[in-house]
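Read off the chains here:
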Amino acid sequence: ALLITDECINCDVCEPECPNGAISEGDEIYVINPNACTECVGHYDTPQCIDVCPVDCIITNPSFIETKDDLYLKYQQLIKQT
Ligand code: SF4
Ligand code: SF4
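Nothing here was measured: the structure is a model prediction, and the numbers come from that model.

## As for the overall build of the protein chain
Helix and strand counts for the protein chain come out as two helices and four strands. Secondary structure of the protein chain in N-to-C order comes out as β-β-β-α-β-α. For a compact globule of 82 residues, the expected C-alpha radius of gyration is about 12 Å, and the protein chain comes in at 12 Å, within 12% of that figure. Projected onto its principal axes, the C-alpha coordinates of the protein chain cover approximately 30 × 25 × 25 Å. Considering the protein chain as a whole, with its 82 residues, one finds that 35% of them fall into the buried category. Residue pairs in contact within the protein chain that sit at least 24 positions apart in sequence constitute 69% of those at least 6 positions apart.

Laid out in structure tokens, this is it:
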């Protein structure tokens, strides 16, 4: 999963781009729900939020290091729930 750092300027560009609805407005900056972020695996070749963020403040979440296989499994579980 990815993580938004405190460099975030709350521009709201990333939120509508997330295919998993994992991004929301937090108390101070935008936040990514790590349980819903597949790093866009299953939807796109690249993380859409990173592609659109004007200040490059989105990084890999050090507490949620996942392989492509892990992320694909998460993608499959998420689509089953919807
Ligand atoms: Fe959403 Fe993809 Fe960004 Fe994860 S990497 S928060 S799934 S847009
Ligand atoms: Fe924050 Fe970047 Fe998302 Fe804008 S696109 S809200 S700066 S994380």
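## What to know about the site of ligand 1
In the vicinity of ligand 1, the residues found are L2, C18, P19, N20, I23, I32, C37, T38, E39, C40, P47 and C49. When each cavity is represented as a set of grid points, ligand 1 is found to reside in the largest cavity. Residues of the shell around ligand 1, tallied by class, amount to nine nonpolar, two polar and one charged.

## Let's talk about unusual backbone geometry
Backbone geometry places E39, a non-glycine residue, at a positive phi of 55°. Relative to the helices and strands, E39 is located in the loop between β3 (30–32) and α1 (48–52). Taking relative accessible area as the criterion, E39 reaches 17% and is therefore assigned buried. Non-glycine residue C40 carries a positive phi angle of around 70°.

## A look at the nonpolar core
If you look at the biggest cluster of nonpolar residues, it comprises 17 residues, and the most contacted ones within it are I4, I23, I32 and I58. Mapped by element, the contributors of at least two residues to this core are β1 (2–4) and β3. Leaving out residues up to four positions away in the same chain, I32 has contacts with L2, L3, I4, A22, I23, C37 and I58.

## Concerning the site of ligand 2
With respect to spatial proximity, 13 residues lie near ligand 2, and among them C8, C11, D12, C14 and C53 are the closest. Its atoms largely coinciding with the cavity grid, ligand 2 occupies the second largest cavity. Taken together, the residues of the shell around ligand 2 sort by class into eleven nonpolar, one polar and one charged.

Conventions and cut-offs
- Residues numbered from 1 in each chain as written.
- Chains lettered and ligands numbered in written order.
- Predicted model: local features only at pLDDT ≥ 70, side-chain atom pairs only at ≥ 80, totals over all residues.
- Heavy atoms only, no water.
- Helix = DSSP H or I, 4+ residues; strand = E, 2+ residues; numbered from the N terminus.
- Rg over C-alpha atoms; globule rule 2.2 N^0.38 Å.
- Buried < 20%, exposed > 50% of the residue type's maximum accessible area, 1.4 Å probe, protein only.
- Contact = heavy atoms within 4.5 Å.
- Near = heavy atom within 4 Å.
- 1 Å grid on protein atoms, 1.4 Å probe; cavity = no way out; pocket = protein on both sides within 12 Å on 5 of 7 lines; lining within 4 Å.
- Sits in = over half its atoms within 2 Å of the grid points.
- Nonpolar A, V, L, I, M, F, W, Y, C, P; charged D, E, K, R; others polar.
- Core = buried A, V, L, I, M, F, W, Y, C linked by side-chain atoms within 4.5 Å.

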